[in-house]
Amino acid sequence: MVRFQRQPPGTAITRTSTLLGMFVTVLAAVAIVDGMDTRAGALAALGGALLLLGGHRANHGLGGPVDRMLTELFDRAWDACILAPIVWESFGTNPGVAAGALVALCASFLSSYVRARGAALGYSMEESHVTRGLRYALVSAGLLFGWLAWTVWAAAFVSVLAAAVRTGQVAREERA
């Protein structure tokens, strides 16, 4: 006999928001490759907002452990879907934008790795929706308004800062 575990209340809304956010993000990636930056910016912002909503719900008891894992996974996927096409499209025409997007992508992945590794070691590692939302907003606004030259570097700075703060948290926990 197969027994199904009862899902926490609100799980359906949390998962729908998260999955719909990822779908919209993929559409934004296609728009970037097609050269429709304004449309891509709007879609990236919508996808990011849906992912933030799902992540907030998952981290506040309105979803299970699968939802928290999907939130982290899809945050990395948002970065890959949005920043990698920016690197691809601007590499030949605007190397500064390509470099900024690449730094933002790498620093975001590094920050996530440090957080996951610290959590696996049993340290209290907080996931900040503010950092995630700021990164989403900067890159989306850059696409939407043509400000990529500085917004990708600002997103890179936010990601590098998050990685440094998390590394410091791990070091403090290790010493304690």
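See the structure shown above.
Residues numbered from 1 in each chain as written. Predicted model: local features only at pLDDT ≥ 70, side-chain atom pairs only at ≥ 80, totals over all residues. Heavy atoms only, no water.

**Looking at the overall build of the chain**
Part 1: The helix and strand inventory of the chain stands at 6 helices and 0 strands.
Part 2: Put simply, the chain runs from its N terminus to its C terminus through helices and strands in the order α-α-α-α-α-α.
Part 3: On C-alpha atoms alone, the chain measures out to a radius of gyration of 17 Å, which is about the 16 Å that the 2.2 N^0.38 rule sets for 176 residues.
Part 4: Dimensions of the chain along its principal axes, counting C-alpha atoms only, are 55 × 45 × 25 Å. (Helix = DSSP H or I, 4+ residues; strand = E, 2+ residues; numbered from the N terminus. Rg over C-alpha atoms; globule rule 2.2 N^0.38 Å.)

**With respect to the packing of helix 3 (residues 65–90) against helix 4 (residues 95–120)**
Part 1: It is the contact of helix 3 with helix 4, at a shortest axis distance of 8 Å, that shows an interaxial angle of 160 degrees. Between helix 3 and helix 4, the crossing angle belongs to the class labelled roughly antiparallel. With respect to the hand of their crossing, helix 3 and helix 4 are arranged in left-handed fashion. Judged by residue contacts, Glu 72, Arg 76, Asp 79, Ala 80, Leu 83, Ala 84, Ile 86, Val 87 and Ser 90 of helix 3 engage Pro 95, Val 97, Ala 98, Ala 101, Leu 102, Ala 104, Leu 105, Ser 108, Phe 109, Ser 112 and Arg 115 from helix 4.
Part 2: Residue classes in the contact of helix 3 with helix 4 are distributed as 13 nonpolar, 3 polar and 4 charged. (Axes fitted to C-alpha atoms, helices over the stretch in contact; angles between N-to-C directions. Parallel < 35°, antiparallel > 145°, perpendicular 65-115°, else oblique. Left-handed = near helix turned anticlockwise from the far one by under 90°. Contact = heavy atoms within 4.5 Å. Nonpolar A, V, L, I, M, F, W, Y, C, P; charged D, E, K, R; others polar.)

Structural measurements only, silent on function.
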